[in-house]
Amino acid sequence: DEVFLRHMDGLSPTTCRFVVHYKEAVRERQRMRLFTTYWELEETNRLRSLLMSLYSEADLEFRKTERETQGLLKALVTKQSLSRVSADVEFLTAARQHSKESLRETDAQLD
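Each value, and the rule that gives it
Residues numbered from 1 in each chain as written. Predicted model: local features only at pLDDT ≥ 70, side-chain atom pairs only at ≥ 80, totals over all residues. Heavy atoms only, no water. pLDDT = per-residue confidence, 0-100. Helix = DSSP H or I, 4+ residues; strand = E, 2+ residues; numbered from the N terminus. Patch = residues over 30% accessible without salt bridge, like charges linked within 9 Å, V, L, I, M, F, W, Y side chains within 5 Å. Areas by Shrake-Rupley, 256 points an atom, 1.4 Å probe, with all protein chains shown as cover. Salt bridge = Lys/Arg side-chain N within 4 Å of Asp/Glu carboxyl O. Buried < 20%, exposed > 50% of the residue type's maximum accessible area, 1.4 Å probe, protein only.

## Side note on the confidence of the model for the protein chain
Move 1: On average, the protein chain scores 91 in pLDDT, and the residues at 70 or more come to 99%.
Move 2: Per-element confidence in the protein chain is highest for helix α2 (residues 13–79), whose mean pLDDT is 94, and lowest for helix α1 (residues 2–9), whose mean pLDDT is 86.

## Re a nonpolar patch on the surface
Move 1: A surface patch of nonpolar side chains, amounting to about 570 Å² of accessible area, comprises Met32, Leu34, Phe35, Tyr38 and Trp39.
Move 2: Within the secondary structure, Leu34 is located in helix α2.

## Comments concerning the pattern of salt bridges
Move 1: Using the criterion set out here, one finds three salt bridges in the structure.
Move 2: A salt bridge links Arg46 to Glu42; the shortest N-O distance between them is 2.8 Å. Placement of the pair is Arg46 and Glu42 together in helix α2, with a separation of four residues, close to one helical turn.
Move 3: Note on Arg46: relative accessible area 51%, which makes it exposed.
Move 4: For Asp59, the salt bridge identified is with Arg63, shortest N-O distance 3.0 Å. Of this pair, Asp59 and Arg63 are both found in helix α2, four residues apart, which corresponds to roughly one turn of the helix.
Move 5: Residue Asp59 is classed as partly exposed on the basis of its relative accessible area of 23%.
Move 6: Of the residues examined, Arg63 reaches a relative accessible area of 44% and is grouped as partly exposed.

Here it is, written out as structure tokens:
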């Protein structure tokens, strides 16, 4: 600062005024940069809050959907017994065999 002031003493009043105007512009830019940094930090904090809220909502929705899915799976498992599924397989196997035989008979009639 002392060197700066000594150098300023050697300048003309016009040049001294330009130096002061320049230093005011530097100070204003520094002040704006500081405020910009404050707002960037605020923006980042607000984004973090938003993302945490979205994550929390998505997590609640996921847990709700998971409970519903477990309920549906439980209902499906309780309504479908292994013996019923086995009976369905047997019925469908017999139906397939019957369809195969009918197709063969029709093919034979057409030949």
